[in-house]
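Now for the letters of each chain:
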Amino acid sequence: MTTTTRRQFNRLMGATAIAAALPLSARRARAETITIKFSHVVAPDTPKGRGAEKFKELAEKYTDGQVKVEVYPNSQLYKDKEELEALQLGAVQMLAPSLAKFGPLGVRAFEAFDLPLIFPDKDALRRVTNGPIGKEMLGMLSEKGILGLAFWDNGFKIMSANSPLHIPDDFLGLKMRIQSSKVLEAQMNALGAIPQVLAFSEVYQALQTGVVDGTENPPSNMYTQKMHEVQKHATLSRHGYLGYAVIVNAKFWADLPDDIRGQLDQAMAEASDFTNGIALEENERALNAMKEAGTTEFYELTADERKQWVETLLPVHDEMSDRIGADLVKRIQKETGVA
Ligand code: LMR
């Protein structure tokens with residue numbers, strides 16, 4: 001063997017040895033770009049929409065372009081129910097459904113987040129999501145082939161309709177759109193309304209055509225879907241919370257090369273801090289924009305009216321406790337100080 005040939009031979013053997021030392025999945029990843037399709041149902045300029053974009057930016061940066069994240073907002077790819085099926089089938093890899101949408105999947109514990117008035121403020125919510133309860137709840141998704149990565153905030157909900165909503169009696173007979181949660185159904189029933197489950201992408205049209213009379217949303221969702229253009233009244237009731245669990249197909253995540261998974265975990269941790277840091281501000285911005293638009297009259301409850309809401313809505317906790325898991329409801333109530 002000439003010196004040049006030996007050098008070439010050694011280089012080749014060295015490269016082969018290094019390649020062989022890498023696990024198959026890692027070698028494959030080195031050769032191909034890994035694509036993560038992140039599908040969601042809201043507008044890009046919402047807490048979730050901006051969070052998804054932040055994750056994309058950081059994931060692509062930390063993996064040096066080995067991972068490409070494609071974000072599909074506004075139900076472009078899938079609507080509410082379909083997106084969870086698509087994740088389980090591997091047609092998309094990442095979602096952030098609202099916590100109210102896990103019941104139909106068979107994980108009823110998540111409906112605890114829909115209990116009216118259960119979180120007096122964000123700190124109480126954080127004690128639950130950042131503590132052992134939050135961890136346990138994300139863990140419940142594993143039997144569905146789903147891995148829960150993080151909790152993302154949207155915000156506290158307001159009620160809207162074409163008639164004023166000051167006291168529970170104002171809801172009598174109104175058709176109110178809800179997400180697919182039995183707890184939200186019970187909440188609307190308690191108010192005397194008629195709950196109607198509709199996919200998020202269908203709400204604007206349903207309000208516009210009178211299929212439903214009203215709905216509940218954090219301001220950011222109401223504004224970015226232009227619902228304020230078709231709702232004359234809104235009450236700043238902040239009677240319930242809307243947030244998300246960021247989830248991935250568990251097999252997809254487990255099959256990632258370790259270093260890539262670590263970089264994505266880092267990107268997710270930072271994107272979560274970002275999202276939870278902007279959510280309040282995004283909702284305030286949306287509320288101000290709707291006030292300026294002048295198409296909806298916004299109303300703050302008086303102390304006496306709020307008392308009536310509390311008396312009407314708190315019994316929903318007991319009513320739904322068995323469905324959610326009585327022990328879990330008690331532990332959350334203990335953490336938040338609301339019983
Ligand atoms: C809704 O359906 O009202 C929300 O879950 C939409 C969302 O993802 O914020």
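Residues numbered from 1 in each chain as written. Predicted model: local features only at pLDDT ≥ 70, side-chain atom pairs only at ≥ 80, totals over all residues. Heavy atoms only, no water.

**Here's the deal with the site of the ligand**
Right, on to step 1. Lining the immediate surroundings of the ligand are Val41, Val42, Lys48, Ser98, Lys101, Arg177, Gln179, Phe200, Asn221, Leu242 and Tyr244.
Right, on to step 2. Within the side chain of Lys48, an N or O atom sits 2.7 Å from an oxygen atom of the ligand.
Right, on to step 3. Between the ligand and Lys101, the relevant distance is 2.6 Å, taken from an oxygen atom to a side-chain nitrogen or oxygen of the residue.
Right, on to step 4. Protein coverage of the free-state accessible area of the ligand, which is 270 Å², stands at 100%.
Right, on to step 5. Per-class residue counts for the shell around the ligand are 5 nonpolar, 3 polar and 3 charged. (Near = heavy atom within 4 Å. Polar contact = N/O pair within 3.5 Å; in protein donor to acceptor, adjacent residues only side chain to side chain. Areas by Shrake-Rupley, 256 points an atom, 1.4 Å probe, with all protein chains shown as cover. Nonpolar A, V, L, I, M, F, W, Y, C, P; charged D, E, K, R; others polar.)

**Structural notes on the pairing of strand S8 (residues 214-217)**
Right, on to step 1. Neither face of S8 is exposed, since Gly214 and Glu216 on one face and Thr215 and Asn217 on the opposite face are all buried.
Right, on to step 2. One ladder, built from 2 bridges, connects strand S6 (residues 175-178) with S8; its direction is parallel. Directly across from Arg177, in S8, lies its bridge partner Thr215. (Buried < 20%, exposed > 50% of the residue type's maximum accessible area, 1.4 Å probe, protein only. Helix = DSSP H or I, 4+ residues; strand = E, 2+ residues; numbered from the N terminus. Pairing = 2+ DSSP bridges.)

**Some words on helix H5 (residues 122-129)**
Right, on to step 1. Residues Lys122, Ala124, Leu125, Val128 and Thr129 constitute the buried set of H5. Buried positions in H5, seen along its axis, are confined to an arc of 160° and lie on one side of it.
Right, on to step 2. Looking at the buried positions of H5, the neighbouring elements they touch are helix H6 (132-139), strand S4 (146-156), strand S10 (241-249) and helix H14 (326-336).
Right, on to step 3. N-cap assignment for H5: the residue whose side-chain oxygen lies 3.2 Å from the backbone N of Asp123 is Asp121. (Arc of directions from axis to C-beta. Contact = heavy atoms within 4.5 Å.)

**Side note on the sheet that holds S4**
Right, on to step 1. With respect to topology, 5 strands assemble into an open sheet ordered S2-S1-S3-S10-S4, the strand pairing being mixed. At either end of the open sheet lies a strand with only one pairing partner, and these are strand S2 (67-72) and S4.
Right, on to step 2. Bridge count for S4 against S10 is 9 bridges, and the pairing is antiparallel. Within S10, the position partnered with Ala150 by the bridge is Val246.

**Section: the sheet that holds strand S9 (residues 233-235)**
Right, on to step 1. Read across the open sheet, the 6 strands follow the order S7-S6-S8-S5-S9-S11; overall the sheet is mixed. Where the open sheet ends on each side, the last strands, each with one partner, are strand S7 (194-197) and strand S11 (297-299). Mean inter-strand twist for the sheet, computed between neighbouring axes without regard to direction, equals 25°.
Right, on to step 2. Judged from the 3 bridges that link them, strand S5 (residues 158-161) and S8 form a sheet pairing that is antiparallel. Considered in S8, the bridge of Ile158 is made with Asn217. (Axes fitted to C-alpha atoms, helices over the stretch in contact; angles between N-to-C directions.)

**Here's the deal with the nonpolar core**
Right, on to step 1. Grouped together as the largest cluster of nonpolar side chains are 43 residues, with contacts concentrated most on Phe38, Phe55, Met94 and Leu264.
Right, on to step 2. Of all the secondary structure elements, the ones that give two or more residues to this core are strand S1 (34-39), helix H3 (47-62), S2, S4, helix H8 (203-209), S10, helix H10 (250-254) and helix H11 (258-293).
Right, on to step 3. Those residues in contact with Met94 that lie beyond four places of it in its chain are Ile36, Lys37, Phe38, Ser39, Phe55, Leu87, Leu149, Val246, Ile247, Val248, Trp253 and Met268.
Right, on to step 4. In this structure, Leu99, Ala112, Ile133 and Ala245 belong to the second largest nonpolar core, which totals 36 residues. (Core = buried A, V, L, I, M, F, W, Y, C linked by side-chain atoms within 4.5 Å.)

**Considerations on the packing of aromatic side chains**
How two aromatic rings sit relative to each other is set out by the distance from centre to centre and by the angle between their planes.
Right, on to step 1. Throughout the structure, instances matching the rule amount to 8 aromatic pairs.
Right, on to step 2. Note on Phe113 and Phe151: the rings are 5.8 Å apart at their centroids and 50° apart in plane angle, and the pair reads as tilted. In this pair, Phe113 sits in the loop between strand S3 (94-95) and H5 while Phe151 sits in strand S4, placing the two residues 38 residues apart along the sequence.
Right, on to step 3. Phe113 gets classed as buried once you look at its relative accessible area, which sits at 1%.
Right, on to step 4. Classification of Phe151 by relative accessible area gives buried; the value is 12%.
Right, on to step 5. Members of the aromatic cluster, connected to one another through ring pairs, are Phe102, Phe110, Phe113, Phe119, Phe151, Phe156 and Tyr241. (Phe/Tyr/Trp six-rings, centres within 6.5 Å; stacked < 30°, edge-to-face > 60°.)

So yeah, pure geometry; function would need other evidence.
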